[in-house]
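One letter stands for each residue in the lines below.
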Amino acid sequence: QERLVESGGGLVQPGGSLRLSCAAPSFTFFSAYGMNWYRQAPGKERELVAAISSSGSGGITDYADSVKGRFAISRDNAKKTAYLQMNNLKSEDTAVYYCNAVLKGMTPHDYWGQGTQVTVSS
């Protein structure tokens, strides 16, 4: 059973940095999955923060306007792990962050992690 395991959340002061990790140890073809990071703040809808396409699609990255220039998504296929480097964090970045893996094609798959809390506060 494929599962995603997130880590790296926590409490950080404004202007600080965190790196989130999303491990997929049970995935057979991790490189074929597009990897996404979403977040959901209290009282708000879940929003897509960053995405990186499958390696076969070039590993192309994309970001929400609110995080461009501050966040960076990456992947290490050998470690079956995706990352979200978050710099210059702001209070409005406070949310639960979720990792999502998507496999397109004839038999699509969509998996979610359990979420990790990121709190930006002084």
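Above: the structure in question.
(A) Inspection of the overall build of the protein at higher detail. Scanning the protein for helices and strands turns up 0 helices and 11 strands. Taken against the 2.2 N^0.38 rule, which gives 14 Å for 122 residues, the C-alpha radius of gyration of the protein at 14 Å falls within 12% of a compact globule. Looking at the 122 residues of the protein, the share that counts as buried comes to 43%. Per element, the accessible surface of the protein, about 6,500 Å² overall, is 49% carbon and sulfur. For the protein, the centre of its 12 positive side-chain charges and the centre of its 10 negative side-chain charges are spaced 5 Å apart.

(B) How the structure looks around the nonpolar core. Counting residues in each nonpolar core, the largest one holds 32 residues, and the members touching the most others are Leu4, Met35, Leu84, Met86 and Tyr97. Taken together, the elements giving at least two residues each to this core come down to β3 (18-23), β4 (34-40), β5 (47-52), β7 (71-76), β8 (81-86), β9 (95-103) and β11 (116-120). Examining the composition of this core, we find that 5 residues originate from one element, β9, more than from any other. Setting aside its immediate chain neighbours within four residues, Leu4 contacts Cys22, Ala23, Ala24, Phe27, Met35, Cys99, Asn100, Ala101, Tyr111, Trp112, Gly113 and Gln114.

(C) Summary view of the state of the cysteines. Summed over all chains, the structure comprises 1 disulfide. Across the disulfide from Cys22 sits Cys99; the S-S distance is 2.0 Å. Its S-S torsion of approximately -80° makes the covalent link between Cys22 and Cys99 left-handed. With Cys22 in strand β3 and Cys99 in strand β9, the pair connects residues that are 77 residues apart, well separated along the chain. A residue is classified by how much of its surface remains accessible, and Cys99, at 0% relative accessible area, is buried.

(D) Geometry of the environment of Phe29. As for its position among the elements, Phe29 is in the loop between β3 and β4. Given a relative accessible area of 60%, Phe29 falls into the exposed group. Taking C-alpha positions, Phe29 is 27 Å from Arg46, a pair spaced 17 residues apart along the chain.

About the criteria used
Within each chain, residues carry numbers counting from 1 in the order of the written sequence. Where totals are concerned, whole chains, interfaces and linings use all residues; where local detail is concerned, this predicted model gives features only for residues with pLDDT of at least 70, and gives and counts side-chain atom pairs only at 80 or more. As a rule here, side-chain values come from all non-hydrogen atoms in the structure, and water together with hydrogens is ignored. Labels follow the DSSP assignment, with helices taken as runs of H or I lasting at least four residues and strands as runs of E lasting at least two, numbered in each case from the N terminus. It is over C-alpha atoms that the radius of gyration is taken, and the globule rule equals 2.2 Å times the number of residues to the power 0.38. Relative accessible area decides the class of each residue, using a 1.4 Å probe on protein chains only: under 20% of the type maximum gives buried, over 50% gives exposed, and in between gives partly exposed. Surface accessibility follows the Shrake-Rupley procedure with a 1.4 Å probe radius. Residue values consider only the protein chains on display as shielding. Counting rule applied: Lys, Arg positive; Asp, Glu negative; His and chain ends not counted. For charged residues, the charge sits on one atom: NZ in Lys, CZ in Arg, CG in Asp, CD in Glu. Throughout this description, the term nonpolar core refers to a set of buried Ala, Val, Leu, Ile, Met, Phe, Trp, Tyr and Cys residues connected via side-chain atoms within 4.5 Å. Here, two residues are considered to be in contact whenever any of their heavy atoms come within 4.5 Å of each other. Two cysteine sulfur atoms form a disulfide, by the criterion used here, when they sit within 2.5 Å.

Interpretation note: all reported values are geometric properties and have no functional meaning in isolation.
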